[in-house]
Amino acid sequence: MSVSDLEVQVREFVAEAKRQARGGLTVAEFVDLAQRLLRLVVAGLEQVQAPGADKRQWALDAVGLLFDAVASSLLPVWLLPVWPLIRGSVRQIVVTAAGVVLDRLALPLVRAAA
């Protein structure tokens, strides 16, 4: 699989997630989407010849793309007025958490399977 093929798969995944999120999304549903996306990206990047740091950043960028697409569907109404103020910080927390998942869970499992 090439990077461009993986990019297409990620865009399709995010588009489907956006369709699912139209009626609202719970935090648990977002976490499930993020985990599924990380699995897709990690599996696809196994076949790409690139440094590990580049692959990690690519995976985190994919999670950021997912967040950008569906985050507003997670919000309770009372949070809407302050969302523009806290959105960047919340995004950073989500991407950082995805990085922890990659470092602690996904990459060791991939290495163990190799």
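Data block above holds the structure.
A short tour of the structure in this document, coming up.

Rules and cut-offs
- Residues numbered from 1 in each chain as written.
- Predicted model: local features only at pLDDT ≥ 70, side-chain atom pairs only at ≥ 80, totals over all residues.
- Heavy atoms only, no water.
- Axes fitted to C-alpha atoms, helices over the stretch in contact; angles between N-to-C directions.
- Helix = DSSP H or I, 4+ residues; strand = E, 2+ residues; numbered from the N terminus.
- Parallel < 35°, antiparallel > 145°, perpendicular 65-115°, else oblique.
- Left-handed = near helix turned anticlockwise from the far one by under 90°.
- Contact = heavy atoms within 4.5 Å.
- Nonpolar A, V, L, I, M, F, W, Y, C, P; charged D, E, K, R; others polar.
- Core = buried A, V, L, I, M, F, W, Y, C linked by side-chain atoms within 4.5 Å.
- Buried < 20%, exposed > 50% of the residue type's maximum accessible area, 1.4 Å probe, protein only.
- Phe/Tyr/Trp six-rings, centres within 6.5 Å; stacked < 30°, edge-to-face > 60°.

**A word on the packing of helix α1 (residues 3-20) against helix α3 (residues 52-70)**
Phase 1: The geometry of α1 relative to α3 is characterised by a closest axis approach of 9 Å and an angle of 25° between their N-to-C directions. Here α1 lies roughly parallel to α3, going by the angle between them. As for the relative orientation of α1 and α3, their crossing is right-handed in sense. The residues of α3 that touch α1, namely those facing Val3, Leu6, Glu7, Val10, Phe13, Val14, Ala17 and Lys18, are Trp58, Ala62, Leu65, Leu66, Ala69 and Val70.
Phase 2: Of the residues that constitute the contact of α1 with α3, the class distribution is 12 nonpolar, no polar and 2 charged.

**A short note on the nonpolar core**
Phase 1: Val10, Phe30, Leu37, Val41, Leu66 and Val70 are the most contacted members of the largest nonpolar core, which totals 32 residues.
Phase 2: Counting only elements with at least two residues in this core, the list comes to α1, α2 (27-45), α3 and α4 (83-113).
Phase 3: Beyond its immediate chain neighbours, meaning those up to four positions away, Phe30 contacts Leu25, Leu66, Phe67, Val70, Leu74 and Val94.

**A few points about the packing of aromatic side chains**
Phase 1: One pass over the structure, following the stated rule, counts 2 aromatic pairs.
Phase 2: With 6.4 Å between their ring centres and 80° between their planes, Phe30 and Phe67 make a pair best called edge-to-face. Taken together, the residues span a long stretch of sequence, with Phe30 in helix α2 and Phe67 in helix α3 at a distance of 37 residues.
Phase 3: Taking relative accessible area as the criterion, Phe30 reaches 6% and is therefore assigned buried.
Phase 4: Residues Phe67 and Trp83 carry aromatic rings whose centres are separated by 6.2 Å and whose planes lie at 45° to one another, so their mutual orientation is tilted. Of this pair, Phe67 sits in helix α3 while Trp83 sits in helix α4, placing them 16 residues apart in sequence.

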